[in-house]
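The lines below spell out each chain.
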Amino acid sequence: MAAKEHPLLAEVLKGIFAENPIFVVMLGLCATLAVTTTAKNALPMGLSTMAVLVCSNVIISLLRHVIPSQVRIPCFIVVIASFVTMVELALKAYFPPALSEQLGIFIPLIVVNCIILGRAEAFASKNTVLRSFLDGVGSGLGFTGALLLVSSIREVLGNGTWWGIKVAERFEPAAILVQAPGAFLVLGLLMGFFKWMSLRRREKSS
Amino acid sequence: MNTIRNLLFIAVASTLVYNFVLARFLGLCPFIGVTRKTSNAIGMGMALTFVMTMAVFVTFLLYTYFLHYGPQNIFVRVWPRIFDYNSPFRGKTVDTMVLERVLRTGSYILVIAALVQLVELALKKVSPALYHALGIYLPLITTNCAVLGVACLTTTDATRPLTLIEATATGFFAGVGFTIAMLLMSGIRETLELADVPASLKGAPIAFICTSFMALSFFGFALKLPT
């Protein structure tokens, strides 16, 4: 499928579907589970991660010939930590305080989100700036999309609302879905669903 | 007496009620990745408990003496008017929280990375047997969100200001809670190997569904807690 498309577009698309950070590669799960109680929390978290991912991918790609390979991991972490601090301060400055409180420690924890270090190590440190930028956009979109999907399911079934708007009258929400056990259950079932789809596609093509 | 009561409360709260994996969603990568075998789960749990305790101890000192604005801050002691509005920075509004806001994430992660490296070297020298048992897991711990998470939760994001002993105890017991969760999970997964699971749910999906039921039982502890 991806072979027919423009190679640069394929760079973006692979992050969203074939190499989706959450459902396929299974990286960055901590944040996924913690902030997906409502879609309103999931979107800012996804976009913050995407901003850090794109910026760190570009900078690391620019520096890929400068950084000695023995100390590359600490260098990557410093670059990522600087961008996370910027995002953290921007969130505190320009958004309502309730948002920072809701996301809590999961904003500083973007530093140790495996997706960002993973993309830096596996892609940005080996590819050109443009391709790294597109890779960051793709993986970031894949991550944000996955967060939105998980949070929508949890919010609609667990709270009866979506984006704070009531979606169903006369519907008893299963409150456990917005609690910790529901997060694991929804993610497990969604992962199973994506695996089932890819298994079916493989069966059809063979 | 009060200290002992607080410590007991911290022990129960951070191992069971706010279990790092099952209630706070921290450190899921090793939880899913290293729980295929019980021996690996114990190794990872021990390594993590060790590093979490050390990391909290060091980051707590870093926070109280360097980052946090307070009587103990070294910068404030050396130059009491450093954050004062009547200081030479007058008119530029120096935020007293500027240090912890700007330097927190970067300094913590560097301290943790250095600490992990140090622990690795020390273990290699002092106890080669333990080093070989933990060896492969130690470098992975740097990018484990449980370590940075516990550092943030005991300093900047603590619900009330903690003492050094309380903070270190939180780190240790959070690690113990993590090890308990990993041990339970590895037991379940070893049995799952023999079970007939649908092809699409094999591996991580079924592990998450089992975790969900474990979290459900741990959720019961939270309901017992007086508010």
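Nothing here was measured: the structure is a model prediction, and the numbers come from that model.

Chemist: For the side chain of E166(B), give the residues involved together with the corresponding values.
Modeler: Residue and element names in this part refer to chain B. Within the fold, E166 resides in helix α9 (residues 164-192). Among the residues examined, E166 registers a relative accessible area of 5% and is labelled buried. Polar side-chain contacts of E166 include one of 3.1 Å to the backbone nitrogen of T163.

Chemist: Which residues make up helix α7 (residues 129-159) of chain A, and what are the values?
Modeler: Counted at 1.5 Å a residue, the expected span for α7(A) with its 31 residues is 45 Å, and the 43 Å between its end C-alpha atoms agrees. G160(A), located one to two residues past α7(A), shows a positive phi value of around 75 degrees.

Chemist: Which residues make up the interface of chain B and chain A, and what values go with them?
Modeler: The extent of an interface is frequently quoted as the accessible surface area lost upon association of the parts. Opposite the 37 residues of chain B that make contact, chain A presents 37 residues. For the pair chain B and chain A, the two sides together bury roughly 3200 Å², of which 82% comes from carbon and sulfur. For chain B, the biggest contributors to the area lost against chain A are F25(B), T143(B) and F208(B); these three give 20% of the whole. At the boundary of chain B and chain A, one finds one salt bridge. Put simply, E88(A) and R104(B) hold a salt bridge, and the shortest N to O gap is 2.4 Å. Seen at the junction of chain B and chain A, the total is four residue pairs in polar contact (both at pLDDT 80 or more). Within the residue set of the side of chain B that touches chain A, elements represented by two or more residues are α2 (28-33), α5 (98-126), α8 (145-154) and α10 (204-224) of chain B. A per-element tally of the side of chain B that touches chain A places α10(B) first, with nine residues. Classifying every residue of the side of chain B that touches chain A by side-chain character gives 23 nonpolar, nine polar and five charged.

Chemist: Describe the confidence of the model for chain A, naming the residues involved and giving the relevant values.
Modeler: Of all residues in chain A, 98% have pLDDT values of 70 or greater, and the mean over the chain is 87. Across chain A, helix α3 (residues 39-62) of chain A holds the top mean pLDDT of 93, while helix α1 (residues 7-16) of chain A sits lowest at 82.

Chemist: Could you give an account of the nonpolar core, with specific residues and numbers?
Modeler: Core analysis: the largest hydrophobic core is formed by 108 residues, its most contacted members being M45(A), F106(A), L187(A), F20(B), L26(B), L28(B) and I141(B). Sort the elements by how many residues they give to this core and helix α3 (residues 38-67) of chain B lands first, with twelve residues.

Chemist: Describe a nonpolar patch on the surface, with residues and values.
Modeler: Residue and element names in this part refer to chain B. A contiguous nonpolar patch, built from Y65, F66, I74, F75, V78 and W79 and spanning about 540 Å² of accessible area, is present on the exposed surface. Only α3 and α4 (74-78) provide two or more residues apiece to the nonpolar patch. In terms of residues, the nonpolar patch owes the most to one element, α4, which gives three residues. On the secondary structure map, F66 appears in helix α3. Since its relative accessible area comes to 34%, F66 is described here as partly exposed.

Chemist: Which residues make up the packing of α5(B) against α8(B), and what values go with them?
Modeler: Residue and element names in this part refer to chain B. Here α5 crosses α8 at 130 degrees, and the two axes come no closer than 10 Å. If you check the angle between α5 and α8, you find them oblique. Of the two possible hands of crossing, α5 and α8 adopt the one that is right-handed. On α8, the residues that touch R104, Y108, I109 and I112 of α5 are V147, L148, A151 and C152.

Analysis parameters
- Residues numbered from 1 in each chain as written.
- Chains lettered and ligands numbered in written order.
- Predicted model: local features only at pLDDT ≥ 70, side-chain atom pairs only at ≥ 80, totals over all residues.
- Heavy atoms only, no water.
- Helix = DSSP H or I, 4+ residues; strand = E, 2+ residues; numbered from the N terminus.
- Buried < 20%, exposed > 50% of the residue type's maximum accessible area, 1.4 Å probe, protein only.
- Polar contact = N/O pair within 3.5 Å; in protein donor to acceptor, adjacent residues only side chain to side chain.
- Expected span 1.5 Å × (residues − 1).
- Contact = heavy atoms within 4.5 Å.
- Buried area = accessible area lost by both parts, 1.4 Å probe.
- Salt bridge = Lys/Arg side-chain N within 4 Å of Asp/Glu carboxyl O.
- Nonpolar A, V, L, I, M, F, W, Y, C, P; charged D, E, K, R; others polar.
- pLDDT = per-residue confidence, 0-100.
- Core = buried A, V, L, I, M, F, W, Y, C linked by side-chain atoms within 4.5 Å.
- Patch = residues over 30% accessible without salt bridge, like charges linked within 9 Å, V, L, I, M, F, W, Y side chains within 5 Å.
- Areas by Shrake-Rupley, 256 points an atom, 1.4 Å probe, with all protein chains shown as cover.
- Axes fitted to C-alpha atoms, helices over the stretch in contact; angles between N-to-C directions.
- Parallel < 35°, antiparallel > 145°, perpendicular 65-115°, else oblique.
- Left-handed = near helix turned anticlockwise from the far one by under 90°.

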